[in-house]
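Next come the chains, spelled out residue by residue.
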Amino acid sequence: MAKLILSMDGLVLKEIPLLKERVSIGRKAHNDIQIDNMAISGEHAAVVTILNDSFLEDLNSTNGTLVNGQPVKKHFLKDGDVIELGKYKMKYIVATVTQHEASPYEQTTQPPRPAAVHNVPSAADVTPASASQPAGPAPVLGMAVIRLLSGSNAGHQLQLTKTLTTLGKPGQVAVIARRPHGYFLTHVEGAFPVLNGRVIDAQARLLENHDLIEIAGVKMEFLLKQ
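A quick note: this is a predicted structure, and the numbers were derived from the prediction, not measured. (Residues numbered from 1 in each chain as written. Predicted model: local features only at pLDDT ≥ 70, side-chain atom pairs only at ≥ 80, totals over all residues. Heavy atoms only, no water.)

### With respect to the packing of aromatic side chains
Tallied over the full model, the rule gives two aromatic pairs. Both rings, one in Phe55 and one in Phe76, keep their centres 5.4 Å apart while their planes meet at 75 degrees; by these two values the pair is edge-to-face. With Phe55 in strand β6 (residues 53–58) and Phe76 in strand β9 (residues 74–76), this residue pair connects regions lying 21 residues apart in the sequence. One cation-aromatic arrangement involves Arg179 over Phe184; the distance from NZ or CZ to the ring centre is 4.5 Å. (Phe/Tyr/Trp six-rings, centres within 6.5 Å; stacked < 30°, edge-to-face > 60°. Helix = DSSP H or I, 4+ residues; strand = E, 2+ residues; numbered from the N terminus. Lys NZ or Arg CZ within 6 Å of the ring centre and 35° of its normal.)

### Considerations on the pattern of salt bridges
Overall, the coordinates contain six salt bridges when judged by the stated rule. Between Glu15 and Lys3 there is a salt bridge, with the nearest N and O atoms lying 3.1 Å from each other. Highlighted residues: Glu15 in strand β2 (residues 11–17) and Lys3 in strand β1 (residues 2–8), separated in sequence by 12 residues. Glu21 is the salt-bridge partner of Arg179, the closest N and O atoms lying 2.6 Å from each other. Residue Arg179 is located in strand β16 (residues 172–179), and its partner Glu21 is located in the loop between β2 and β3 (22–26); the two are separated by 158 residues in the primary sequence. As far as burial versus exposure is concerned, Arg179 and Glu21 are alike and both buried. (Salt bridge = Lys/Arg side-chain N within 4 Å of Asp/Glu carboxyl O. Buried < 20%, exposed > 50% of the residue type's maximum accessible area, 1.4 Å probe, protein only.)

### Side note on the environment of Gly197
Within the secondary structure layout, Gly197 lies in the loop between β18 (194–195) and β19 (198–199). Sequence separation of Gly197 and Asp211 is 14 residues, and the distance between their C-alpha atoms is 9.8 Å.

### Looking at the sheet that holds strand β7 (residues 65–67)
Ordered by their spatial adjacency, six strands build an open sheet running β2-β1-β11-β10-β7-β8, and the pairing between neighbours is antiparallel. Looking at strand neighbours, the two that pair on one side only are β2 and β8 (70–72), the edges of this open sheet. Each strand axis lies, on average, 30 degrees off the axis of its neighbour in the sheet, ignoring direction. As paired strands, strand β10 (residues 82–85) and strand β11 (residues 88–94) are joined by four bridges and run antiparallel to one another. (Pairing = 2+ DSSP bridges. Axes fitted to C-alpha atoms, helices over the stretch in contact; angles between N-to-C directions.)

### Section: the pairing of β11
When β1 meets β11, the two strands line up antiparallel, connected through seven bridges. Looking at β11, one finds that Leu6 is bridged to Met90. The antiparallel pairing of β10 with β11 creates a hairpin that spans two residues between the two strands, and Gly86 there sits at a positive phi of about 60 degrees.

### A look at the sheet that holds β18
On the basis of which strands lie adjacent, the open sheet formed by six strands has the order β14-β13-β22-β21-β18-β19 and antiparallel pairing. Edge positions in the sheet fall to β14 (157–159) and β19, since each has one partner strand and no second. As paired strands, strand β21 (residues 212–215) and strand β22 (residues 218–224) are joined by four bridges and run antiparallel to one another. Bridge assignment links Ile215 to a residue of β22, and that residue is Val218.

### With respect to the confidence of the model for the chain
Low pLDDT marks stretches whose predicted atomic positions should not be read closely. Mean pLDDT over the chain works out to 79, with 79% of the residues at or above the 70 mark. Within the model, the stretch residues 97–113 combines pLDDT values under 50 with 12 contacts to residues more than four positions away or in other chains. The low-confidence segment residues 118–132, where pLDDT is below 50, has 45 contacts with residues more than four positions distant or belonging to other chains. (pLDDT = per-residue confidence, 0-100. Contact = heavy atoms within 4.5 Å.)

### A look at the nonpolar core
Core analysis: the largest hydrophobic core is formed by 23 residues, its most contacted members being Leu4, Leu56 and Ile83. Elements represented by at least two residues in this core include exactly β1, β2, β3, β4 (33–35), β5 (45–50), β10 and β11. A total of four residues in this core trace back to one element, the largest contributor, which is β1. In this view, Ile83 contacts Leu4, Leu56, Thr65, Leu66, Val67, Leu77, Tyr88, Lys89 and Met90; residues no more than four positions away in its chain are not counted. If you look at the next biggest cluster of nonpolar residues, it comprises 15 residues, including Ile146, Tyr183, Ile215 and Phe222. (Core = buried A, V, L, I, M, F, W, Y, C linked by side-chain atoms within 4.5 Å.)

### Quick notes on the environment of Asn153
Positionally, Asn153 belongs in the loop between β13 (144–148) and β14. Overall, Asn153 belongs to the partly exposed group, its relative accessible area being 39%. Along the backbone, Asn153 and Val218 are 65 residues apart, and their C-alpha atoms lie at a distance of 9.5 Å.

What follows is the structure in structure tokens.
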């Protein structure tokens, strides 16, 4: 399980497990990680986590987002990367959790509300919202393909054999995650993709046979192999 270690001026303020597929960061109270500082935009950045991979996206913030000292708009996070937002830093850590390690977020029926991070480090308290998923036996997952319906490659098929398959192009990107219990479409950056004629939001969507996807002007069909 990945986590962010929030610090300011070398002082660690909080460890934040990435328990949601999309964690928003910003000054406004509705963010999963609220940092109450005028250098932080209302909706500054977001981290999208799919299985063991996380993507950082700057949400057109006023002062920008740095990773390892370099300004980024989108970035595939690697273990040890340091995200900088104004005076605040968040180190991305990929941690291995054993079955005997119980997360404090899993021991309560309701997750705690996110608290604000203020300019005084001792008053900082950041808590991400968590979402529990019911456990159960995973069904046997069949193979699937994406069949392109438009564009220069119309008629071609893309086998979904990887854990993550990227769709789109810079400016509009989504991924299909192959999980034990199905294939999920998740927005990564730019405009949200269209699924069966409707624009989806930031939540992952379980794909069903013959679902129609449109991203970056290309239409495609999701097909489950029998």
